[in-house]
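Observations on the model geometry
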Amino acid sequence: MYIAIEGNIGAGKSSLATRLARHYDARLVLEQFADNDFLAKFYQDAERYAFPLELSFLADRYMQLKELLLNPDLFQQKIVSDYLFTKSKLFAKVNLKEHEYDLFQKLFEIIDPKLRPPDLLIYLHAPIRQLQQNIQKRGRIYEQNIGGEYLEKIQDVYRQFLKQEMYKTLVIDTSVVDFRSNPAHFNAIIDFLEKDYDYKTHYLSVD
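Residues numbered from 1 in each chain as written. Predicted model: local features only at pLDDT ≥ 70, side-chain atom pairs only at ≥ 80, totals over all residues. Heavy atoms only, no water.

Some points on the environment of Asp73
Relative to the helices and strands, Asp73 is located in the loop between helix H3 (46-70) and strand S3 (79-81). On the basis of relative accessible area, Asp73 is assigned to the partly exposed category, the value being 26%. For the pair Asp73 and Glu194, spaced 121 residues apart in the sequence, the C-alpha separation amounts to 22 Å. (Helix = DSSP H or I, 4+ residues; strand = E, 2+ residues; numbered from the N terminus. Buried < 20%, exposed > 50% of the residue type's maximum accessible area, 1.4 Å probe, protein only.)

Have a look at this one:
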């Protein structure tokens, strides 16, 4: 009923969310990053703008998810989101200084229990080089100088998070599963989801 998609910057979260929502006639939740005034400034001066950026994302994500999850649509009961609320804490762990993160985490723990967890988390893994190529292709000017070292830090914090197995999780390696260009690979994802296997973490494979 409620699928959240996660992964590093440029992993293809919005692309997969859009395709799944279209297939299931589900409510599509896309992160509203374009409305964040601090994002471009952060990439220019991370030390100065990291804390206001993470606080603004925390508030924006909470308000967006709260509105959608607490006000269900009778005609579109399924929800597909291109982010998990926990993303706020993961990025904050990378971007903030220790004392800033301690305060951020306290705020996160206050509001996180108020949101419904997803029934399924889909995590998209991609090698760093592929992430950089995807970032270049989509052409957001403020993202073009994102370095491989920063992407690796994000990748690592997701690895640590996935080890906790907090949610039923389907892991998709996008260097193998090309759901954007190969219809058979997208159909393999759908086939797996509709069989509704009992698992905690599963790594999808395709023939």
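Brief notes about the nonpolar core
Residues Ile5, Leu16, Leu20, Ile122, Leu170 and Ile172 are the most contacted members of the largest nonpolar core, which totals 68 residues. The leading source of residues in this core is H3, at 9 residues. Not counting residues within four places of it along the chain, the set of residues in contact with Leu16 comprises Ile5, Ile122, Leu124, Ile172, Phe179, Phe186 and Ile189. (Core = buried A, V, L, I, M, F, W, Y, C linked by side-chain atoms within 4.5 Å. Contact = heavy atoms within 4.5 Å.)

A short note on empty space enclosed by the protein
Enumeration over the complete set of coordinates arrives at 2 cavities of 30 Å³ or more. One number sums up the size of the largest cavity: a volume of about 50 Å³. Together, Glu31, Gln32, Phe33, Phe57, Asp60, Arg61, Gln64 and Tyr83 line the largest cavity. Computed from the structure, the second largest cavity encloses a volume of approximately 30 Å³. Together, Leu121, Phe161, Leu162, Glu165, Met166, Tyr167 and Thr169 line the second largest cavity. Of the residues that constitute the lining of the second largest cavity, the class distribution is 5 nonpolar, 1 polar and 1 charged. (1 Å grid on protein atoms, 1.4 Å probe; cavity = no way out; pocket = protein on both sides within 12 Å on 5 of 7 lines; lining within 4 Å. Points joined across faces, edges and corners; volume = space filled by probe spheres on them. Nonpolar A, V, L, I, M, F, W, Y, C, P; charged D, E, K, R; others polar.)

Considering the layout of surface pockets
Here the largest pocket defines a volume of roughly 610 Å³. The wall of the largest pocket is formed by 30 residues, among which Ile9, Gly10, Lys13, Arg138 and Arg140 lie closest to the centre. For the lining of the largest pocket, the per-class residue count stands at 11 nonpolar, 8 polar and 11 charged. Taken as a whole, the second largest pocket encloses approximately 340 Å³ of empty space. In this structure, the second largest pocket is lined by 17 residues; those nearest its centre are Met1, Ile3, Leu120, Leu193 and Asp196. Elements represented by at least two residues in the lining of the second largest pocket include exactly strand S1 (2-7), S3 and helix H8 (183-195).

Focus on the packing of aromatic side chains
For the structure shown, the criterion picks out 9 aromatic pairs. Between Phe192 and Tyr197 the ring centres are 5.1 Å apart and the planes differ by 40 degrees, which places this aromatic pair in the tilted class. In textbook terms, an aromatic cluster arises when at least three aromatic residues are bridged by ring pairs, as seen for Tyr62, Phe85 and Phe108. When the ring centre of Tyr199 is taken as reference, the NZ or CZ atom of Lys168 above it lies at 4.7 Å. (Phe/Tyr/Trp six-rings, centres within 6.5 Å; stacked < 30°, edge-to-face > 60°. Lys NZ or Arg CZ within 6 Å of the ring centre and 35° of its normal.)

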